[in-house]
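# Geometric and topological summary
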Amino acid sequence: MSAADAWWWPYVMIVVAGWLATDIWRWLGVFASGKLREDSEVMIFVRSIATALVAGVIAKLILFPAGALQSAPVTLRIVAAACGFAAFFASRQKVVIGVAVGEVVLIGGWLLLGLG
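Because the structure is predicted, anything quoted here is derived from the model rather than measured. (Residues numbered from 1 in each chain as written. Predicted model: local features only at pLDDT ≥ 70, side-chain atom pairs only at ≥ 80, totals over all residues. Heavy atoms only, no water.)

## Topic: the pattern of salt bridges
In plain terms, the rule: Basic side-chain nitrogens of Lys or Arg form a salt bridge, by our definition, when they fall within 4 Å of a carboxyl oxygen of Asp or Glu. Numbering of helices and strands runs from the N terminus, with a helix taken as a DSSP run of H or I at least four residues long and a strand as a DSSP run of E at least two residues long. Summary of the burial criterion: residues with accessible area below 20% of their type's maximum are buried, those above 50% are exposed, and those between are partly exposed, where the area comes from a 1.4 Å probe applied to protein chains only.
With the rule as written, the count across this model stands at 2 salt bridges. Between D23 and R26 there is a salt bridge; the shortest N-O distance is 3.0 Å. Taken together, the residues D23 and R26, both in helix α1 (residues 9-33) and 3 residues apart, mark about one turn of the helix. In this structure, D39 engages R37 in a salt bridge whose closest nitrogen and oxygen atoms are separated by 2.8 Å. Taking the relative accessible area as the measure of exposure, R37 reaches 56% and is therefore exposed.

Encoded structure:
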């Protein structure tokens, strides 16, 4: 019986490909971050890219959702996001508050419209 036929082989591949491959970059980031200043151009660039990626994912979820969220009207999704955004700033930038308010508005609107 070869290693490729063994029951444990897929788990070894998950560890090697999924864990070791990504952990190398995480550890390099940890070591490099100690030498970088928070206000350096590299960190500003990295923070800008990360923010743009998050904004893109949120925009995709609002404008082109998949699954059950598709049944909610786009206006309701935009209003829920706006309410969550406003609550985020009103609560001194507490993410949990912003997410909770956005969810309550979305689910409440969904139920009021009879979609749920």
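## A short note on the confidence of the model for the chain
This is how the line gets drawn: A score from 0 to 100, pLDDT tells how confident the predictor is in each residue.
A residue-level look at the chain finds 96% of positions with pLDDT of 70 or above and a mean pLDDT of 89. Predicted confidence in the chain is weakest over α1, with a mean pLDDT of 82, and strongest over helix α3 (residues 74-90), with 97.

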